[in-house]
Amino acid sequence: MKPTRRVVALIVSTVFLLGMVGLSRVSMSTGAGAAGVLRLSWGLLPERVEECRTLSEEELASRPAHMRQAEVCEGTTLPYRLTVRIDGRLRVDELMVGGGARNDRRVYVLREFNLPPGDHPISVSYVIEDSTLVAGETDGAPPDERFAPRTLNWSGVLSFAPGKVVMITFDQERRQLRPRRSLPQP
Amino acid sequence: MIRRLEGATLRVLRTADAAFNRLYTWRFNPLYQSGTIAVAMLAVLIITGVWLLLFYRIGAPWASVDAITGNLWAGNWVRGVHRYASDAALIAVSVHLIRMFAQSRAWGPRAVAWVSGGVLLAVLLVSAWTGFVMVWDTFGYELAVAGGRMLDALPFFSEPVGRIFVGEHPVPSAFFFLNLFLHVALPLGMGLILWIHVSRIARPTLLPPKALLWGSIGLLTLIAIVWPLQMAPEADPFALPSTVPADWWFGFWLPITARVQEWFLWVVIAAGVIAFLWVPRLTRPGAGERAPSTVDKQLCTECNQCIVDCPYEAITLVERDDDRPTLVAQVDPTRCVSCGICAGSCSPMGIGPPRRTGRNQLETTRAFLRTHETSSGKVVVLGCRYGAGEFRDTLIGAGAEFQEMDCVGNLHSSVVEFLIRGGAGGVLVLSCPPRDCRNREGPGWTTQRLYHGQAAELKPRVDREYLHVAYAGAGEAKEALRALREFQDHLEAMVPLEPEPDLEIETVCEPVALEGERV
């Protein structure tokens, strides 16, 4: 290779690598920025309803010895209705069921709404849907603290800044929905 | 359609190859060395990665990388080289993949290399994802969130992966531990896949020439020092910047995820993977084309040369089924790509693909001598169909005769002797550049056979002054023409050889009696 050719090759290589490095340092638009974001995020176990009955002597006798359990329970998990109103307008009205094949896993809620900067009245409700419960019973506590409360409501006015997120999430200690603007302190 | 795509890609590649050859010469053409550059960059990534690993803390990912970046002497430039080497590796792998596709080098036994190469590319992308997420800056956060969404579109996870990053809880250290584990384990796994990738090649070249190797590493280091990396702000799920400093080589898919549904992306990826896996089948030659080599057992002398020369380890010696005491060569059709290099290696012309054995070549040459004006002392160009075959008319227009070879690696040295003794003014072997040979080692073995006495060697009685070997790719007609003119000028000063009357070169060896054997 002639020296001049080497120099040209070196210059071209440098330019190519600078281009490569440049493309690895270019800003990318995220699509966020001008708007504020309302984020709803929680994951709660749906309430489980069981119907138990005692087996008769005949039923027990008909079963193999290792299956002779006096009481058998059949259970199902209940769905929850999520409704979200922003600025008085209904944005979400959705029935949510638990995950998994038997719908007995947690119900995960993760929704994001881009909102113009400023104050916005927000209303969020997450209520159990069970035809067997009469009015008033939906406010009651679930039979077990592992399950989601039967009713979760939060409403208020939230202020949104550009590129900032306000998250409404479930407060485990108070067992209610709460807005948050930063990571929880460890 | 696939052939059209192949052809279009090949045309672009030829032009680029020719331009790069003019600039770098074929020895250092980075397009020819794309595979070895990728391996070299992987080595750089591992070495610099081990150093960076010493200072990385999974309990404080961003802070620890910030400290590394702040250390200009032993941190920032190492991190820069690590990052830029990953970019270079991605480019090199992509070029290598395109090259193999354009040159139709994915079918048959090469499918193993094709598929494992695709896996290497996928692992490189995933490994880079883990690397950028490790930093836990705004770009890492964008990648993590988009990756989480992609995973959540699959029905495999009992809990949504993306929830880890939404800010409901701090991202657990276990995530960063798993991420770090993957970032270390995946490149190590790439070593294993690389071994599979080259497992069907007899003499894989893993690193580029030293000048290219150290030149590229040196330049990357220089750029990393002169243009130091800056640290982006720490990831914060509650702050969404309008722009993030991004590596487009690995973040190219982020804008797409923001615009289309994740399931649609998975469909596109799945379709891409299926198409990729289908390429070996789609590019497979038609029935009867590129059939594997066969062995004439009567001619095989167990000399072992075809086994040494075969670039794909497709030939072995096995017991004979007749009563001769020697072993005999056997071709494994599942490994043979019909490159024909064995045809040039066999002195008694007992092996080669159908219609391309040494005997076939001599028959073709005999017919060629009858029909062409070699007696007028014209130069006969023996050219590779993938290279010089593309501009044969230009060579003929410059006063040469042209005899096409499938690959000059097939060339049996007796053909050269036959042409020179048969009246050709000289023989110019126009080969593709060695690193661009579709059959890997054709030009190298041909040179060894013509000049360095490797079997099947050109006999000493042939005057090498009437023979010349030159390299020219398909896009290098000018260079080939220059080589032809220089050779023609050289021959001008030589005494023209008289064609031998009734020339005959035996195409079949006379059997020689072994000790105690009757012929």
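Treat the numbers as computed from the prediction; the structure is a model and nothing was measured.

Student: Where do I start with the overall build of chain A in this structure?
Tutor: The secondary structure content of chain A amounts to 2 helices and 11 strands. For chain A, the N- to C-terminal ordering of α and β elements is α-β-β-β-α-β-β-β-β-β-β-β-β. For 186 residues, the compact-globule formula gives about 16 Å, and the C-alpha radius of gyration of chain A, at 28 Å, lies well above that figure. Taking the principal axes of the C-alpha coordinates as reference, chain A spans close to 100 × 50 × 30 Å.

Student: Can you walk me through helix 5 (residues 111-135) of chain B in this structure?
Tutor: End to end, helix 5 of chain B covers 37 Å across 25 residues, agreeing with the expected 36 Å (1.5 Å per residue, within 8%). Directly after helix 5 of chain B, the chain includes Trp136 of chain B, whose backbone phi takes a positive value near 55°.

Student: What exactly am I supposed to notice about the environment of Leu44 of chain A here?
Tutor: Residue and element names in this part refer to chain A. Mapped onto the elements of the fold, Leu44 is located in strand 2 (residues 36-44). Taking the C-beta count within 10 Å as the criterion, Leu44 has 22 such neighbours and is therefore assigned buried. Apart from residues no more than four positions distant in its own chain, Leu44 is found in contact with Arg106, Val107, Ala148 and Phe170.

Student: Please explain the environment of Ala472 of chain B as it appears in this structure.
Tutor: As for its placement among the helices and strands, Ala472 of chain B is situated in the loop between strand 9 (467-471) and helix 18 (477-492). The residues touching Ala472 of chain B, leaving out its near neighbours within four places in the chain, are Gly387, Ala388, Leu430, Glu479, Ala480 and Ala483 of chain B.

Student: When you look at the confidence of the model for chain B in this model, what are you seeing that I'm missing?
Tutor: Low pLDDT marks regions whose predicted coordinates should not be analysed in detail. Of all residues in chain B, 97% have pLDDT values of 70 or greater, and the mean over the chain is 92. The ipTM, which scores confidence in the relative placement of chains, is 0.85 for this predicted complex, and the corresponding pTM is 0.89.

Student: Mind showing me how you'd approach the interface of chain A and chain B here?
Tutor: In many reports, interface size means the accessible area that the parts give up when they come together. Listed per partner, the contact involves 43 residues of chain A and 38 residues of chain B. Those elements giving two or more residues to the side of chain A that touches chain B turn out to be helix 1 (3-23), strand 1 (26-29), strand 2, strand 7 (107-115) and strand 10 (165-171) of chain A. Considering every element that reaches the side of chain A that touches chain B, the biggest residue donor is helix 1 of chain A, with 10 residues. Residues that form the side of chain A that touches chain B fall into these classes: 22 nonpolar, 15 polar and 6 charged. Two strands pair when backbone bridges link them, and strand 1 of chain A and strand 1 (residues 243-246) of chain B are joined in this way by 4 bridges, in the antiparallel orientation. When the sheet's bridge partners are listed, Met28 of chain A is paired in strand 1 of chain B with Val244 of chain B.

Student: For this particular structure, what's the right way to read the packing of helix 14 (residues 358-371) of chain B against helix 16 (residues 413-421) of chain B?
Tutor: When two helices pack together, you describe them by how their axes are tilted relative to each other and by the distance separating the axes. All names here are of chain B. Closest axis-to-axis distance for the helix 14/helix 16 pair is 9 Å, and the angle between their directions is 20°. On the basis of their axis angle, the class for helix 14 and helix 16 is roughly parallel. Crossing geometry of helix 14 relative to helix 16 is assigned as right-handed. In this structure, helix 14 contributes Gly358, Gln361, Leu362 and Thr365 to the contact, and helix 16 contributes Ser414, Val415, Phe418 and Leu419. Grouping the amino acids of the contact of helix 14 with helix 16 by side-chain chemistry returns 4 nonpolar, 4 polar and no charged.

Student: Sorry, what's going on with the pairing of strand 7 (residues 400-405) of chain B here?
Tutor: Looking down a regular strand, the side chains alternate between one sheet face and the other. Residues and elements named next belong to chain B. Most of strand 7 is tucked away, with 5 of its 6 residues classed as buried. For strand 6 (residues 379-384) and strand 7, the ladder comprises 6 bridges, and the chain directions are parallel. Paired with Leu382 across the two strands is Gln403, which belongs to strand 7.

Cut-off values and rules
Every chain begins its residue count from 1, and numbering advances along the sequence as written. Each chain gets a letter, beginning with A, and each ligand a number, beginning with 1, in the order they are written. In view of the model being predicted, local features appear only for residues whose pLDDT reaches at least 70, and side-chain atom pairs are presented and counted only at 80 or more, with totals across whole chains, interfaces and linings using the full set of residues. Per the convention used, a helix needs a DSSP run of H or I reaching at least four residues, while a strand needs a run of E reaching at least two, with both numbered from the N terminus. Two things to know: the radius of gyration comes from C-alpha atoms, and the globule rule equals 2.2 Å times the number of residues to the power 0.38. Here the expected length of a helix is defined as 1.5 Å per residue gap, with one fewer gap than residues. Around each residue's C-beta, the other C-beta atoms within 10 Å are counted; 20 or more make the residue buried, 12 or fewer make it exposed, and counts in between make it partly exposed. All C-beta atoms are placed from the backbone. We call two residues in contact whenever the C-beta atoms placed from their backbones are within 7 Å. Across the chain, each position has a pLDDT score giving the predictor's confidence in that residue, from 0 to 100. Lys, Arg, Asp and Glu make up the charged group, whereas Ala, Val, Leu, Ile, Met, Phe, Trp, Tyr, Cys and Pro make up the nonpolar group; the residues left over, Gly among them, are polar. Pairs of strands are assigned from DSSP output, requiring at least two bridges between the strands. To define axes, lines are fitted to C-alpha atoms, for helices over the stretch in contact only, and angles between the resulting N-to-C directions are given on a 0 to 180 degree scale. Angle categories are assigned with fixed cut-offs, so that under 35 degrees is roughly parallel, over 145 is roughly antiparallel, 65 to 115 is roughly perpendicular, and the rest are oblique. Crossing handedness follows the turn of the near helix against the far one: under a right angle anticlockwise gives a left-handed crossing, and clockwise gives a right-handed one.

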